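The lines below spell out each chain.
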Amino acid sequence: MAKKVRVRFAPSPTGGLHLGGVRTVLYNYLFARHHGGEFVLRIEDTDQSRYVPGAEEYIYDTLEWCGLLPDESPRKGGAFGPYRQSERKELYRAFAERLVDAGRAYYAFDTPEELDAMRTRLKNDTNPTPQYDHRVRTGMRNSLTLPAEEVKTLLDAGTPHVVRIRLEPGETVTFTDMIRGEVSFDTALVDDKVLLKADGMPTYHLAVVVDDHLMEITHAFRGEEWLPSAPVHVLLWRWLFGEEAMPHWAHLPLILGPSGKLSKRDGAKYGFPVFAMNWTDPKTNELTEGFRERGFLPEAFVNLLALLGWNDGTEQELFSLEELVRRFQMEKVHKGGAQFNFEKAQWFNHEWIKRSTAQRLLPDVKTVLAAKGITAADDTQTLRIIDLVKERCTLLSDFPAQAGFFFQAPQELDTTAFIAKWTQEKKAFFEQYAGAISNVADAASFESTFKAGAEAAGIKPGELQLPLRIMLVGGKFGPPVFAIAEVIGAEETAARIRKALEVIG
Ligand code: GLU
């Protein structure tokens, strides 16, 4: 029987989640659901110097907002916990020692000063960042160069040390990536990475392999930036648990901005969000804008992320999460970078606002209205308003401008559009109309009363409709004008007309 699919998203809590991070979550989630498997959230916080308070909370909040909740996580628990690597600290050392005993890793006692001196000594134009590797280690203080007794004495005395992987040149490490096919690396180019740090914490490289094993992960999906680390992970798998037990890998393509890899800086420069939700850096107080706060629906955000690097081979672009679960295939993810385009992202949101029911939009719309000081107290009425204006809203944040006039009479009237053609006959028509509608309730009757009055006054109704719109709305926009009158009611319609006539004269 095939093993149950288990995938993981394994972020380091170092800040807000960038588009690419959420796409990694999404692809993991889709794959797990498609195969009836499990999706694990594991917090990789072994690098305490990079730990940022609030970042873990932010990850949960983002997953919740997107509707991509994990089956197991530090918060939810599960049979393979703890799910925070800092809480698993004690279990990694034994694996590092197993590697040392097998001759696949070694103790290194070099002090930070000695490491700096090595880098300064070896640095030149062809080698700008010297690495601790098979050439360099012979001249350093480690258990490969020091006599066994001295190593024992140093260890017994508790001398600070790290454990490094021992990579020998002359080997090619090959593995199959679900997106890229066969990928090979020359071991001569890979350095002897630290596996266990002086503080006893594992580095990411050791922890990721040990935890993927202990958590029975079957497929590991992550960003392309981790591809250079893959040979280290493959070798660790080979030496610790056997390569046949290794998860299937997929390295997801980069997301490209206007100039190369999409970055936070691009967002600031071009004025679009790159994070899922607003993130304030607790140290600098710098705010990075999120898609949520810009007015994106999570359905649209998920949809646009799915399409950044994947399609199902048809022209279809709009997919619900359920449809994505059905259609998603990791093998169809593209190798090349995926171009992010904010115009297109907004198109997705507009489409999702249009296809969402008013009921679905109601809480979000009430929130954006409230943020502008508009209270939408009557849900039945707000639902009608949403149905009338949603086609005109690309972002949720467009609702206050598109619908605010339903709740509050416009403060200013853009009369420039009709004032040149304004006449006292038109004024008389509006005075009459304001009086004639007192018992009118539906759009059709508002319209027939309007037409009858215009005919009696000998004015084309077409010439009167724009002034009416501006009296009710404030400007030249909005849904059909008699539908607006129906929603705000006869009394309010008449009041707005009379108030406008005072201004226009
Ligand atoms: N902790 C790594 C990160 O922050 C995870 C990489 C992986 O999934 O192996 O992205």
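Quantities reported herein were computed from a predicted structural model and do not represent experimental measurements.

Our focus in this paragraph is the layout of surface pockets. Considered as a void within the structure, the largest pocket measures approximately 1200 Å³ in volume. Lining the largest pocket are 43 residues, with Ser 12, Thr 14, Arg 50, Glu 225 and Trp 226 positioned closest to its centre. Mapped onto the lining of the largest pocket, the elements with two or more residues apiece are β1 (6–9), α1 (19–34), α6 (204–214) and β8 (219–223). The element contributing the most residues to the lining of the largest pocket is α1, with four residues. Classifying every residue of the lining of the largest pocket gives 18 nonpolar, twelve polar and 13 charged. Reported here for the second largest pocket is a volume of approximately 270 Å³. Residue assignment for the lining of the second largest pocket shows that the elements contributing at least two residues are α9 (291–294) and α13 (358–371). At four residues, α13 tops the list of elements feeding residues into the lining of the second largest pocket.

As recorded in UniProt, the feature "domain: Glutamyl/glutaminyl-tRNA synthetase class Ib catalytic" (unreviewed entry) lies at residues 4–347. Helix makes up 34% of residues 4–347 and strand 15%. Its end C-alpha atoms lie 38 Å apart.

In the vicinity of the ligand, the contacting residues are Arg 8, Ala 10, Pro 11, Ser 12, Glu 44, Tyr 204, Val 208, Arg 222 and Trp 226. For the ligand, a nitrogen atom lies 2.7 Å from a polar atom in the side chain of Glu 44. Measuring from an oxygen atom of the ligand, one finds a side-chain N or O atom of Tyr 204 at 2.6 Å. Notes on the ligand: free accessible area 300 Å², of which the protein chains cover 85%. When atom positions are compared with the pocket grids, the ligand is found to occupy the largest pocket. When grouped by side-chain class, the residues that make up the shell around the ligand number five nonpolar, one polar and three charged.

The rules behind these values
- Residues numbered from 1 in each chain as written.
- Predicted model: local features only at pLDDT ≥ 70, side-chain atom pairs only at ≥ 80, totals over all residues.
- Heavy atoms only, no water.
- 1 Å grid on protein atoms, 1.4 Å probe; cavity = no way out; pocket = protein on both sides within 12 Å on 5 of 7 lines; lining within 4 Å.
- Points joined across faces, edges and corners; volume = space filled by probe spheres on them.
- Helix = DSSP H or I, 4+ residues; strand = E, 2+ residues; numbered from the N terminus.
- Nonpolar A, V, L, I, M, F, W, Y, C, P; charged D, E, K, R; others polar.
- UniProt positions renumbered as here; feature names shortened; annotations may be inferred.
- Near = heavy atom within 4 Å.
- Polar contact = N/O pair within 3.5 Å; in protein donor to acceptor, adjacent residues only side chain to side chain.
- Areas by Shrake-Rupley, 256 points an atom, 1.4 Å probe, with all protein chains shown as cover.
- Sits in = over half its atoms within 2 Å of the grid points.

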